[in-house]
Every structure is written in C-alpha cells, then in structure tokens.
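Here is what each chain is made of, one letter per residue.
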Amino acid sequence: MSDVKSSGLDGIVFADTAISDVDGERGRLVIAGSDVEQLAAEGGFESAATRVLAAGGWDPGPDLRTALATARAQAWEMLPRLGDALQATDGMDALRAALAHLRSTGDDAADAVAAIGAAPVFVAAWSRKRSGAAPVAPDAKLDHAADYLRMTIGKPPTLDASRALDAYLVTVIDHGMNASTFAARVVTSTASDLISAVVAAVGALKGPLHGGAPGPVLDMLDAIGEPSRAEQWLLGELAAGRRIMGMGHRIYRVRDPRAAVLETAVKSLASERLALARGVEAAAAKILAERRPDRPLAANVEFYTAVLLDAVGLPREQFSSTFAVGRIAGWSAHVLEQRRTGRLVRPQSKYVGPMPAAPSPTTA
Ligand code: COA
C-alpha cells in the first residue's frame, strides 16, 4: 500500500478527460476546446451541452434543443407522480428527490437527455410551489434557459434576462474534477446508472463549500448594504471564525475566470447590487490578502452568481439548484467518459483504530 495520503485528494490526477481543464495558476478554464469566456459569449446552453456530451463520448447531433424540449415536456407529465419530493424546504433536497424518480433506461445517452431536461422543470415547479403559485408547463418553442426562467417567474422573461441566465448555465456547465463530478464518476465506476450518478452529484453540490455559497453571498451583500460598511462587516465575520462566502478556491490561485464572465453578463441587467458587489469583493480581497499573504483568496464563481441570479429574478433559495440545472450536462458527460475509460474507484484508508488482542499462544 502506498503511503501517499491527501485527505482532500489535492493534486491527485484521477482521470484523463476531454471535457474541461482548470488552470488554477493562470485562471484559465477550457471547456471542450474553448475558453469559458468564448463559450459564454457564443451563448446557447444547448450548444455548450452538445459539446460537453460529445467530449464525453456521445455526440447528440445538431438538435439537442428539440430533444431537451421533449424531455422537459416528459418531466412535466411526471410532476403528479413525484410524491412529496417537491414539498422539501430545501431546493437541493427537492431536486435530489425529484430526479430520483426518473427511471434509468440503462442507456446513458437517453438518461442524460431525460435528466438534463427534467432538472429545470423540477426546480421551477418546486420554486413556484413554495411561493404558493401553480407550476407553469414548459414551452417547447423556447430555449432551455428562457423556458427555465419562464417556468419560474410565470411570465415571458426579457431577452436580457434569458441571455444572462443562458450565459450563467454555460459558464457553470463543467469544471474539472470537482467534488460533485467526482461523486458522479465514483458511482458510475461501480457500473451503476447515470440517474444514480446524477442524484449523488446533487447531494455533493448541496454543501456550502461547493455549490451552496451563492445564497449566503446575497445574504452577505444585504447585510453589508453599502460598500463603505464592507470592511468592518467582513472583519467581524473573520473575527467570529467564519469564512467569507464567494471567496477562495481549492484550485484557483487568482480570480476565478468565471467571476469575470458573470460580472460582464450582469452588466446588461442594471442590477442595483453590482456596484455593492464590486465594493465588497475589493474589500474582501484586500483583507484576506493582508491576513493570508501566503494563500491567495480571490472571488470565485459564486460571488457574481448571486448577483446575476438575483438580477434575473430567481429567489436565493433557488440558486444552488440553478447551478445543478447547468452542471447536470457536465455530470452527464463525465458519466459517459467514465463509462468508456474508467475503472472501479477504490482508494484505501489507513486504519488507526484499536486492534483485537493478539490470540494467546495456548488458544492459537
Ligand atoms: N474566507 C476566509 N478564509 C478562507 C476562505 C474564505 N472564503 N477560504 C479559505 N480560507 C482560509 C481557510 O480558513 C484556511 O485558513 P487556515 O489555514 O488558517 O485554516 C486557508 O484559507 C485555506 O483554506 P482551505 O480550507 O484549506 O482551502 P480549501 O481549498 O479547502 O477551500 C473553499 C476552498 C472554496 C472551500 C474555501 O475557500 C471556502 O470555504 N470558501 C468560501 C465558500 C465558497 O465560496 N464556496 C464556493 C466554492 S466555488
């Protein structure tokens, strides 16, 4: 057994992948051959999803948009059969329980389309139920982002809002071997099915150290209120032993490139919070640099996710599950790739508990 141990598996290369590459030193994210900035500017969740799925090993062809519209309609038909899944207080609990109702066909491609199509329908229905409104049926004429937003807010979204949400879904579509993607790949490695892998990934994404930070980022901006109060408020958080949400990253040692992409996308939305967010980010970066000159801690994707998703009209309780609506395409691509190229994931642990007493020589 090797003595190499890393409780966070830092620096361990677990797989070769053609889906995405995170360069944490330079702050560069490449997704299926394009820089994230370029992919987001080109727009089109369907087109980005086609590319990541093809990189994973299954090319959905030129019409993923129609396939996803059909999958959204099928998910809508399932709503009455979801039991109490959508009654959950937490949006990620609701999404996990609802996705678990999808039947695995054993065909990863079909299951991927079903899961990617179902996620926005389930999340939007959960969101409307919790605010006491009736769920809104999908519209096959709309693209994935616009339809998700319409199903949530109950009316046709503005072009700027649906474009910004589309840019968000593209920006978060995949990101190397993060915890939820790893969880999906571990499940797949046992020869289990794609739906099970995606359900596991939702569980991993729920935590605030991964995808659960944007709601708390918005809470932080609300609590600070104006940039001049940022420094004092942030120092109070650190003094209380809490972390600054939306700051820091396991891989990036510079600002997360997705923060810039989302900050740009927010500009078209005239968000009242953008100036505040920039002020808070600057204050947080300064304070953290003074405290930890050895450990660069800059804004991560969640910082401007909070501002963008709020500006398009999504409630903060829906932020993490909206992350999943985009990332589910990346998870699916990793399931496809793991199936083709991976093997059973089975690391080792070092036992540090008590050993049974040695058998006595007379009884041995
Ligand atoms: N605020 C204050 N201190 C932070 C911090 C933050 N946001 N992020 C990291 N640190 C500090 C830690 O307290 C730790 O200090 P210590 O060595 O004195 O204990 C040091 O930086 C290293 O942290 P570590 O937990 O080893 O880094 P990590 O790679 O495991 O953590 C994150 C990465 C993202 C989990 C971490 O930066 C974090 O918790 N950020 C806030 C939550 C967040 O934004 N999550 C979304 C991630 S996309």
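Structural data are supplied above this passage.
The shown structure was predicted, so the numbers you read here are calculated from the model rather than taken from an experiment.

Okay, the overall build of the protein next. Within the protein one finds 15 helices and 3 strands. Its C-alpha radius of gyration of 21 Å places the protein within 12% of the 21 Å reference for a compact globule of 364 residues. Expressed along its principal axes, the backbone C-alpha trace of the protein runs to roughly 80 × 55 × 40 Å. Counting across all 364 residues of the protein, residues that qualify as buried make up 49%. Excluding contacts between residues fewer than 6 apart, the proportion of contacts in the protein whose partners are at least 24 apart in sequence is 76%. Looking at the protein as shown, the accessible area adds up to about 16,800 Å², and 53% of this sits on carbon and sulfur atoms. Computed over 39 positive and 41 negative side-chain charges, the inter-centroid distance for the protein is 3 Å.

Once that is clear, we can look at the packing of helix α7 (residues 159-171) against helix α12 (residues 257-267). In contact at an axis separation of 9 Å, α7 and α12 are set at 170° when each is read in the N-to-C sense. Accordingly, the angle class assigned to the pair α7 and α12 is roughly antiparallel. The residues of α12 that touch α7, namely those facing A164, A167, Y168 and T171, are R258, V261, L262 and A265. Here the contact of α7 with α12 is built from residues that sort into 6 nonpolar, 1 polar and 1 charged.

Scoring rules and cut-offs
- Residues numbered from 1 in each chain as written.
- Predicted model: local features only at pLDDT ≥ 70, side-chain atom pairs only at ≥ 80, totals over all residues.
- Heavy atoms only, no water.
- Helix = DSSP H or I, 4+ residues; strand = E, 2+ residues; numbered from the N terminus.
- Rg over C-alpha atoms; globule rule 2.2 N^0.38 Å.
- Buried < 20%, exposed > 50% of the residue type's maximum accessible area, 1.4 Å probe, protein only.
- Contact = heavy atoms within 4.5 Å.
- Areas by Shrake-Rupley, 256 points an atom, 1.4 Å probe, with all protein chains shown as cover.
- Lys, Arg positive; Asp, Glu negative; His and termini not counted.
- Charge placed at Lys NZ, Arg CZ, Asp CG, Glu CD.
- Axes fitted to C-alpha atoms, helices over the stretch in contact; angles between N-to-C directions.
- Parallel < 35°, antiparallel > 145°, perpendicular 65-115°, else oblique.
- Nonpolar A, V, L, I, M, F, W, Y, C, P; charged D, E, K, R; others polar.

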